[in-house]
Amino acid sequence: MKKLILGFACLLLSVSIKAQETDAMEPTLIDESSTEVPFFMIDEVPVFPECEGIDADGMRDCFQNQMQQHISKHFRYPEEAQKKKIEGRVSIMIMINEEGIIDDIRTKGPDPILEQEARRIFELLPTLKPGIHHGDAVSVPYSIPITFRLQ
């Protein structure tokens, strides 16, 4: 049990630090006619139900906090991966569409077992209020890594 708790703590640290780096470090030019806008450029980020009523200044932080809480709540280190001592970082890219639904989940990691677990976590996301850019609902790509580490 101690191994899972320590591994879980590493997960939280990784998610917390890397979520902010990923969004701020992706220089992207957007086509004004596109219905897809990068997370760091969007006027209004997608909104978790728990973030309704938060002022505009706190909305990005609330989104990041809710994403971290969702990952923490649903994270399970796959037994098979533990037995095989599989560790590593899984990069996840999701698309939050114009209706606030996650309609595309891409993963890249050291093993399909870890990728499948990361996909499962994000398939459980609730429907969000969609991101808004220039007054219109748009699709928003969002990426975040999850580190699986045995201790």
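Structure: see above.
Quick summary incoming for the structure in this document. (Residues numbered from 1 in each chain as written. Predicted model: local features only at pLDDT ≥ 70, side-chain atom pairs only at ≥ 80, totals over all residues. Heavy atoms only, no water.)

1. Notes on the sheet that holds strand β2 (residues 102-108)
Here's step 1: Taken in spatial order, the three strands line up as β2-β1-β5 in an open sheet, and their pairing is antiparallel. The sheet is open, and its two borders are formed by β2 and β5 (140-148), each paired with just one other strand. Between one strand and the next, the sheet's axes are offset by a mean angle of 20 degrees, whatever the strand orientation.
Here's step 2: Where strand β1 (residues 88-96) and β5 come together, nine bridges link them in antiparallel fashion. By the bridge assignment, Met95 is partnered in β5 with Pro141. (Pairing = 2+ DSSP bridges. Helix = DSSP H or I, 4+ residues; strand = E, 2+ residues; numbered from the N terminus. Axes fitted to C-alpha atoms, helices over the stretch in contact; angles between N-to-C directions.)

2. Comments concerning the pattern of salt bridges
Here's step 1: Considering all chains together, one arrives at four salt bridges under this definition.
Here's step 2: Arg106 is the partner of Asp104 in a salt bridge, and the nearest nitrogen-oxygen pair spans 2.9 Å.
Here's step 3: With its nearest N and O atoms 2.8 Å apart, the salt bridge here joins Arg120 to Glu117. Within this pair, Arg120 and its partner Glu117 are both found in helix α4 (residues 112-123), separated by three residues, close to a single helical turn. (Salt bridge = Lys/Arg side-chain N within 4 Å of Asp/Glu carboxyl O.)

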